[in-house]
Amino acid sequence: MFRSLRLFNYRVWAAGALVSNIGTWVQRTAQDWLVLTELTHHDASAVGLVMALQYGPQFLLLPWTGMAADRLNQRRLLMVTQGVMGVLALALGVLTVSGEARLWHVCIFAFLLGCVAAFDAPVRQTFVSELVGHDDLPNAVALNSTSFNAARMIGPATAGLAIAAIGSGWAFVFNGLSFFAVLASLCFLRSGELRPNPRAARVRGGFVEGLRYVGGRPDLKAILLILFLVGTFGLNFPIFISTMAVGAFHSNAAGYGILSAAMAVGTMGGALLNARRARPEFTSLLVGTLLFGVGCTLAAMAPSPLTFAAALVLTGAAALTVTNTSNSLVQISTDPVLRGRMMALRVGVALGGTPIGAPLVGWVADHYGPRAALCVGAASGFVAAIVAAIALRRRVHQRIA
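We now turn to the structure provided with this report. Position numbers for residues start from 1 in each chain and track the written sequence from start to end. Side-chain atom pairs in this predicted model are given and counted only at pLDDT of 80 or more, local residue features only at pLDDT of at least 70, and totals for whole chains, interfaces and linings cover all residues. Note that water and hydrogens are dropped before the side-chain values are worked out from all heavy atoms of the structure.

Moving on, we come to the environment of Asp 136. Its location among the elements puts Asp 136 in the loop between helix 6 (103-132) and helix 7 (137-166). Classification of residues uses two cut-offs on accessible area relative to the type maximum, computed with a 1.4 Å probe and protein chains only: under 20% is buried, over 50% is exposed, and between them is partly exposed. Asp 136 sits in the buried class, given a relative accessible area of 9%. Contacts are assigned to residue pairs with any non-hydrogen atoms lying within 4.5 Å of each other. In contact with Asp 136, not counting residues within four places along its chain, are Arg 3, Ser 4, Arg 6 and Leu 7. Helix and strand definitions here come from DSSP, where helices need a minimum of 4 consecutive H or I residues and strands a minimum of 2 consecutive E residues; each element is numbered from the N-terminal end.

We now examine a nonpolar patch on the surface. Side chains of Trp 104, Ile 108, Phe 111 and Leu 112 sit close together on the surface and give an oily, nonpolar patch of about 390 Å² of accessible area. As for its position among the elements, Phe 111 is in helix 6. On the basis of relative accessible area, Phe 111 is assigned to the partly exposed category, the value being 36%. Patch membership is restricted to residues that have no salt bridge and whose relative accessible area is over 30%. Joining uses 9 Å for like charges and 5 Å for the nonpolar side chains Val, Leu, Ile, Met, Phe, Trp and Tyr. Every accessible area reported is derived by Shrake-Rupley at a probe size of 1.4 Å, with residue values counting cover from the shown protein chains alone. Each reported salt bridge corresponds to a side-chain nitrogen of Lys or Arg within 4 Å of a carboxyl oxygen of Asp or Glu.

Here Gln 82 lies in helix 5 (residues 74-97). On the basis of relative accessible area, Gln 82 is assigned to the buried category, the value being 4%. Excluding residues within four positions of it along the chain, Gln 82 makes contact with Ser 20, Asp 120, Arg 124, Phe 179, Val 182 and Leu 183.

Side-chain rings of Phe, Tyr and Trp (the six-membered ring for Trp) are treated as a pair once their centres are within 6.5 Å; stacked means planes under 30 degrees apart, edge-to-face means over 60, and tilted covers the remaining angles. A complete count under the given rule lists 5 aromatic pairs for this structure. Plain terms: the ring middles of Trp 13 and Phe 127 are 5.6 Å apart, the flat faces sit at 65° to each other, and that makes the pair edge-to-face. One end of the pair, Trp 13, is in helix 1 (residues 8-39); the other, Phe 127, is in helix 6, with 114 residues separating them in the sequence. Ring pairing ties together the aromatic residues Phe 237, Phe 240 and Phe 292, which thus form one cluster. In this structure, Arg 28 packs its charged tip against the face of Trp 25, placed 4.7 Å from the ring centre. Should the NZ of a Lys or the CZ of an Arg lie within 6 Å of a ring centre and within 35 degrees of the ring normal, that charge is described as sitting over the ring. The ring of Phe 8 is capped by Arg 190, whose NZ or CZ atom sits 3.7 Å from the centre of that ring.

Here we take up the side chain of Thr 232. Locating Thr 232 in the fold gives a position in helix 10 (residues 218-233). The class of Thr 232 is buried, set by a relative accessible area of 0%. Each polar contact in these results corresponds to two N or O atoms within 3.5 Å; when the atoms are within protein, one needs to be able to donate a hydrogen and the other to accept it, and residues that are neighboring in sequence are counted only if both atoms are side-chain atoms. A polar side-chain atom of Thr 232 sits 2.7 Å from the main-chain carbonyl oxygen of Phe 228. Those residues in contact with Thr 232 that lie beyond four places of it in its chain are Leu 227, Ala 350, Gly 353, Ile 356, Gly 357 and Ala 358.

Whenever a pair of cysteine sulfur atoms sits within 2.5 Å, that pair is classed as a disulfide. A complete count under the given rule lists 0 disulfides for this structure. This cysteine, Cys 115, is not joined by any disulfide, and Cys 107 carries the nearest cysteine sulfur, 13 Å off. In this structure Cys 375 is not part of a disulfide, and its nearest cysteine sulfur, from Cys 296, lies 9.1 Å away.

Another aspect to go through is the packing of helix 11 (residues 237-248) against helix 16 (residues 354-368). Helices that pack against each other are described as a pair by the angle of their axes relative to one another and the distance between those axes. To obtain an axis, a line is fitted to C-alpha atoms, over the contacting stretch when the element is a helix, and the angle between two such axes runs from 0 to 180 degrees between their N-to-C directions. In the contact formed by helix 11 and helix 16, the axes pass within 10 Å of each other and the chain directions differ by 15°. By the angle between their axes, helix 11 is roughly parallel relative to helix 16. Handedness of the helix 11/helix 16 crossing: right-handed. In this structure, helix 11 contributes Ile 239, Phe 240 and Thr 243 to the contact, and helix 16 contributes Ala 358, Val 361, Gly 362 and Ala 365. Comment on the angle field: the value is read as roughly parallel under 35 degrees, roughly antiparallel over 145, roughly perpendicular from 65 to 115, and oblique elsewhere. In this scheme the crossing of two helices becomes right-handed for a clockwise turn of the near helix relative to the far one and left-handed for an anticlockwise turn of less than a right angle.

Attention now moves to the pattern of salt bridges. Enumeration over the complete set of coordinates arrives at 3 salt bridges. Salt-bridge contacts for Arg 124 lead to Asp 120; the nearest nitrogen and oxygen are separated by 2.7 Å. Placement of the pair is Arg 124 and Asp 120 together in helix 6, with a separation of 4 residues, close to one helical turn. Since its relative accessible area comes to 31%, Arg 124 is described here as partly exposed.

If you want it as structure tokens, here you go:
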């Protein structure tokens, strides 16, 4: 389960990433709470707008982000993106601590952070193969998810307690400082033990080349469609959890943080189960999407915070299974020269639909209640399961033929 940790470079990277991931989840939780309760009067549509601005660049910048990951030195590019994101977090923290933050400020910082994150995500995911090589890549991807979701378990609860004690602005400051851990880990890596990925040639039409590659791969098209459905309409948990915490259960910031951490328990469990698998299987996408729909349905019906938290554990495990399996399948089955573009496309499709889904889900939560919004997420899981079932059936028929 933890075989990638035997490698020095991966151990150093994982340690720095864990600290930074905790800071990231602290900021995400604080940002949603700031918008929902301090800058607006429980306006879920405003939370959706901020999410749209933060994740929209993942899709808008696709022609450049994937090529940057495939062409540039990945270690140096990561130093730039991580450093800039740290500065942006610190700036928003200073603005909020001083009491000058307004909704439009948060919107601008969310968009800027999204632009930098659009370049960071594909290179951060493909850089793992330079740390561990091809054979241990599925395990390293799963352990990365474990780290991310361990942080997701710690970060929101920490943010909730910190907001209640000292205010949301200090959560942003903590996140800004946490990026120094990643920068330090990148500096301490042993260059001689890295396994550099082949660099793409500097030719025109590189992004189009990636689209043509996907066009000839029915399995990749199915994976991207599943990610679009779940990512656009299902992975809107900042809206789901915050509106349920405030509107349905009348919780405070600490309660919101604990509910967010409950979902992370499920995602971390799912990550550890995925780490045990030698290779990812397409069947996992079918199981994950189906359980995601069931989990969102149970969450929508939950009569109390405790039952809601239990439903979030199931939903988190299912969501992790979908995202982690898709990540591993795309990386393992893709030509290394195109891997950065494929990961950028994967992230762009998974998060780029947020400008559509998040405002829609926020509008549904405002007008019909948070439980109705969760039903939208459930529907996305069930439709994605149908897509996965059709794709799996085709794969079986091709093997028989």
